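Each chain is listed here by its residues.
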Amino acid sequence: KGDLDGKFELAMCHLKGTGLPKKRSTALAMLRKSADDGHNDSARLLLDIVTDEDNVSDDERARWEELIDNEGTAEAVTVQDGTVIRRQIQESPHS
């Protein structure tokens, strides 16, 4: 979780230009990767900031929405060809 939080914060620096060059494309790529890895805040932010120009598929938006809807549950959600696929995640005893 800490690694994903760090990636989220770094993406925010790229998005805002805080301490790094402002680069939206880099920020979106980092947020997408973090959301794909299960980071809820990244998914939530992506849903708020992406535009039609960012080339986001309906499947990708659906995956982010599912991640937010399932916040706090131990399952991963992916979407393939419009089908939602869920799998249980083995939680680490150190989380």
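Cut-offs applied
Residues numbered from 1 in each chain as written. Predicted model: local features only at pLDDT ≥ 70, side-chain atom pairs only at ≥ 80, totals over all residues. Heavy atoms only, no water. pLDDT = per-residue confidence, 0-100. Contact = heavy atoms within 4.5 Å. Helix = DSSP H or I, 4+ residues; strand = E, 2+ residues; numbered from the N terminus. Buried < 20%, exposed > 50% of the residue type's maximum accessible area, 1.4 Å probe, protein only. Polar contact = N/O pair within 3.5 Å; in protein donor to acceptor, adjacent residues only side chain to side chain. Axes fitted to C-alpha atoms, helices over the stretch in contact; angles between N-to-C directions. Parallel < 35°, antiparallel > 145°, perpendicular 65-115°, else oblique. Left-handed = near helix turned anticlockwise from the far one by under 90°. Nonpolar A, V, L, I, M, F, W, Y, C, P; charged D, E, K, R; others polar. Salt bridge = Lys/Arg side-chain N within 4 Å of Asp/Glu carboxyl O. Expected span 1.5 Å × (residues − 1). Arc of directions from axis to C-beta.

(A) Inspection of the confidence of the model for the protein chain at higher detail. Overall, the prediction assigns the protein chain a mean pLDDT of 80, with 73% of residues at 70 or greater. Scored below 50 in pLDDT, residues 89–95 makes 4 contacts in the model with residues more than four places away or belonging to other chains.

(B) Here's a closer look at the environment of glycine 38. By secondary structure assignment, the location of glycine 38 is in the loop between helix H2 (24–36) and helix H3 (40–49). Overall, glycine 38 belongs to the partly exposed group, its relative accessible area being 35%.

(C) A look at the environment of arginine 32. Mapped onto the fold, arginine 32 is located in helix H2. In this structure arginine 32 comes out as partly exposed when scored by relative accessible area, which is 21%. Sequence-wise, arginine 32 and tryptophan 64 are 32 residues apart; in three dimensions their C-alpha atoms are separated by 9.1 Å. There is a polar contact of 3.3 Å between the side chain of arginine 32 and the backbone oxygen of asparagine 55.

(D) Examining the packing of H3 against helix H4 (residues 58–69) more closely. At a minimum axis separation of 9 Å, H3 and H4 run at an interaxial angle of 130°. Taken together, H3 and H4 sit at an angle that is classed as oblique. Crossing of H3 against H4: the hand is left-handed. Contact with H3, carried on its side by Asn40, Ala43, Arg44, Leu46 and Leu47, involves Arg61, Trp64, Glu65, Leu67 and Ile68 of H4 and no other residues of that element. Here the contact of H3 with H4 is built from residues that sort into 6 nonpolar, 1 polar and 3 charged.

(E) View of the pattern of salt bridges. Inspection of every chain in the model, using the stated rule, returns 7 salt bridges. For arginine 32, the salt bridge goes to glutamate 60, with nearest N and O atoms at 3.0 Å. Of this pair, arginine 32 sits in helix H2 while glutamate 60 sits in helix H4, and the two are 28 residues apart along the sequence. Look at glutamate 60 and you get buried, because its relative accessible area is 11%. Residues joined in a network through salt bridges with shared partners are Arg32, Asp36, Glu60 and Arg63.

(F) Broad picture of H2. Between the first and last C-alpha of H2 there are 18 Å, a value that for 13 residues agrees with the 18 Å anticipated at 1.5 Å per step. Every buried residue of H2 is accounted for by Ala27, Leu28, Met30, Leu31, Ser34 and Ala35. Viewed along the axis of H2, the buried residues span an arc of 165°, placing them on a single side of the element. Downstream of H2 by a residue or two, glycine 38 has a phi angle that is positive, lying close to 100°.

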